[in-house]
Amino acid sequence: KYHDKGFDIVGVSFDNKREAWVNAIKKLELPWHHISDLKGWKCAASEVYGINSIPATILFNPEGKVIATDLRGEALDKKLEEIFK
């Protein structure tokens, strides 16, 4: 909905099995960017961003500053609408 306005998604996987991770992306037809260091819960994102449950969301502004975390559903929609109005 907001991609043409500059919004992009990067999925960070907490998987540790490459084949299962890649197959899930294909099966679920997830069209965004995907990254993983395949270290499961010991991945860098867990420590750097304090992620201790999934799914987790972190919104960054263009300068890389965190502007919102852990938004889902209606709360996420409302925040994105506010940002991109």
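Before any of the text, the structure's been laid out above.
A brief look at the structure comes next. In this numbering scheme, every chain counts its residues from 1 along its sequence in written order. In view of the model being predicted, local features appear only for residues whose pLDDT reaches at least 70, and side-chain atom pairs are presented and counted only at 80 or more, with totals across whole chains, interfaces and linings using the full set of residues. Remark: hydrogens and water are excluded; side-chain values derive from all non-hydrogen atoms of the structure.

Quick notes on a nonpolar patch on the surface
The line we're drawing: Only residues whose relative accessible area exceeds 30% and that take part in no salt bridge are eligible for patches, with like-charged residues grouped when within 9 Å of each other and nonpolar side chains (Val, Leu, Ile, Met, Phe, Trp, Tyr) grouped when within 5 Å. Only the protein chains shown count as cover for residues, and the accessible areas themselves come from Shrake-Rupley with a 1.4 Å probe. Should a side-chain nitrogen of Lys or Arg be within 4 Å of a carboxyl oxygen of Asp or Glu, the pair is scored as a salt bridge. In DSSP terms, a helix is any run of H or I states spanning at least four residues, a strand is any run of E spanning at least two, and both are numbered starting from the N terminus. Think of it in three bands: residues with accessible area under 20% of the maximum for their type are buried, residues over 50% are exposed, and the middle band is partly exposed, with areas taken using a 1.4 Å probe on protein chains only.
A cluster of nonpolar side chains, namely Val-48, Tyr-49, Phe-60 and Val-66, defines an oily patch on the protein surface of about 370 Å² accessible area. With respect to the secondary-structure elements, Phe-60 resides in strand β3 (residues 58-60). Take Phe-60: its relative accessible area is 39%, and that puts it in the partly exposed class.

Things to note about the nonpolar core
Selection criterion: Nine residue types can take part in a nonpolar core, namely buried Ala, Val, Leu, Ile, Met, Phe, Trp, Tyr and Cys, and a core is a set of them joined through side-chain atoms within 4.5 Å. Working rule for contacts: check all heavy atoms of both residues, and any pair within 4.5 Å makes them a contact.
In terms of nonpolar packing, the biggest core is built from six residues, these being Tyr-2, Leu-59, Ala-68, Leu-71, Leu-80 and Phe-84. Beyond its immediate sequence surroundings of up to four residues, Tyr-2 is in contact with Phe-7, Asp-77, Leu-80, Glu-81 and Phe-84.

Points about the packing of aromatic side chains
The following threshold applies: The pairing test for Phe, Tyr and Trp rings, Trp by its six-membered ring, is centres within 6.5 Å, and the orientation test on the planes gives stacked under 30 degrees, edge-to-face over 60, and tilted for anything in between.
Applying the stated rule across the entire model yields four aromatic pairs. Pairwise contacts between aromatic rings join Tyr-2, Phe-7 and Phe-84 into one cluster.

Some details on the pattern of salt bridges
Scanning the model with the defined rule gives one salt bridge in all. We note a salt bridge from Glu-82 to Lys-79, for which the minimum N-O separation is 3.2 Å. In this pair, Glu-82 and Lys-79 both sit in helix α3 (residues 73-83), three residues apart, roughly one turn of the helix.

A look at the pairing of strand β4 (residues 66-69)
Applicable threshold: When DSSP finds at least two bridges between two strands, those strands are taken to pair.
Here β3 runs beside β4; their pairing, made up of three bridges, is antiparallel. Paired with Phe-60 across the strands is Val-66, a residue of β4. Counting the residues that bridge the hairpin from β3 to β4 gives five residues, and of these Gly-64 lies at a positive phi of roughly 90 degrees.

Some points on the layout of surface pockets
Our working definition: Points on a 1 Å grid over protein atoms alone make up a cavity when a 1.4 Å probe fits among them but cannot get out, and a pocket when they form an open set with protein on both sides within 12 Å along at least five of seven lines; lining residues each have an atom within 4 Å of a point. Grid points are joined across faces, edges and corners, and a volume is the space filled by probe spheres set on the points. Lys, Arg, Asp and Glu make up the charged group, whereas Ala, Val, Leu, Ile, Met, Phe, Trp, Tyr, Cys and Pro make up the nonpolar group; the residues left over, Gly among them, are polar.
By volume, the largest pocket is sized at about 1400 Å³. Ile-9, Val-10, Gly-11, Val-12 and Ile-58 are, among the 42 residues lining the largest pocket, the residues nearest its centre. Every element with two or more residues in the lining of the largest pocket is listed here: β1 (10-12), α1 (18-28), β2 (33-35), α2 (44-49), β3 and α3. Taken together, the residues of the lining of the largest pocket sort by class into 30 nonpolar, seven polar and five charged.

A closer look at the side chain of Ser-13
Rules: In protein, a polar contact requires one atom able to donate a hydrogen and another able to accept it; more generally it is a pair of N or O atoms within 3.5 Å, and residues adjacent in sequence count only if both atoms are side-chain atoms.
Its place among the elements puts Ser-13 in the loop between β1 and α1. By relative accessible area, which is 9% here, Ser-13 ends up buried. Polar contacts involving the side chain of Ser-13 include one to the side chain of Asp-15, which spans 2.5 Å.

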